[in-house]
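Architecture and fold: a report
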Amino acid sequence: VQLQAFGGGLVQAGGSLRLSCSASGSGLSISNMGWYRQAPGKQRELVASVTSGGSTKYEDYVKGRFTISRDNAKNTVFLQMNSLKPEDTAVYYCNAYGWRGGTGFDSWGQGTLVTVSS
């Protein structure tokens, strides 16, 4: 299962960006989709995730600023990022896991760079 992410870029502090990530492949049953990020010199960390039923989870440092959503029909997950801060600068990765043809999968996108200038 391949994931492709779009939407990164350069934005000033206080600005907004919207990331999207689509999973390709037939017969997918995606249980969970999420966004992670990795800043230079740091470990990859969870940002937010959403289940197929729409339940969401956010890390404390993005609550109230970021919104995750998904389009199950299109196997696509979105991350609306508002009130961006310089510390949000990172490569953002999407993740999806579930089942395809009775076989489990856990896939990552290629990453998209978000740079927030002060």
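What comes next concerns the included structure. (Residues numbered from 1 in each chain as written. Predicted model: local features only at pLDDT ≥ 70, side-chain atom pairs only at ≥ 80, totals over all residues. Heavy atoms only, no water.)

**Some thoughts on the state of the cysteines**
Condition: The disulfide criterion is simple: two cysteine sulfur atoms within 2.5 Å. Secondary structure elements are defined from DSSP: runs of H or I of at least 4 residues count as helices, runs of E of at least 2 residues count as strands, and each element is numbered from the N terminus. Only protein chains enter the accessibility calculation, which uses a 1.4 Å probe; a residue is then buried when its area is under 20% of its type maximum, exposed when over 50%, and partly exposed in between.
Inspection of every chain in the model, using the stated rule, returns 1 disulfide. Residue pairing for Cys21: its cysteine sulfur links by disulfide to Cys94, the two sulfurs lying 2.0 Å apart. As the torsion about the S-S bond is roughly 50 degrees, the Cys21-Cys94 disulfide counts as right-handed. Here Cys94 lies in strand S9 (residues 90-100) and Cys21 lies in strand S3 (residues 17-24), a separation of 73 residues in the sequence. Look at Cys21 and you get buried, because its relative accessible area is 0%.

**Concerning the environment of Thr51**
Worth spelling out the cut-off: Contacts are assigned to residue pairs with any non-hydrogen atoms lying within 4.5 Å of each other.
Tracing the backbone through its elements, the reader meets Thr51 in strand S5 (residues 45-51). Separated by 21 residues in the primary sequence, Thr51 and Ile30 place their C-alpha atoms 8.2 Å from one another. Once residues lying within four places of it in the same chain are set aside, the contact partners of Thr51 are Ser31, Asn32 and Arg70.

The values reported here are purely geometric and, on their own, carry no functional implication.
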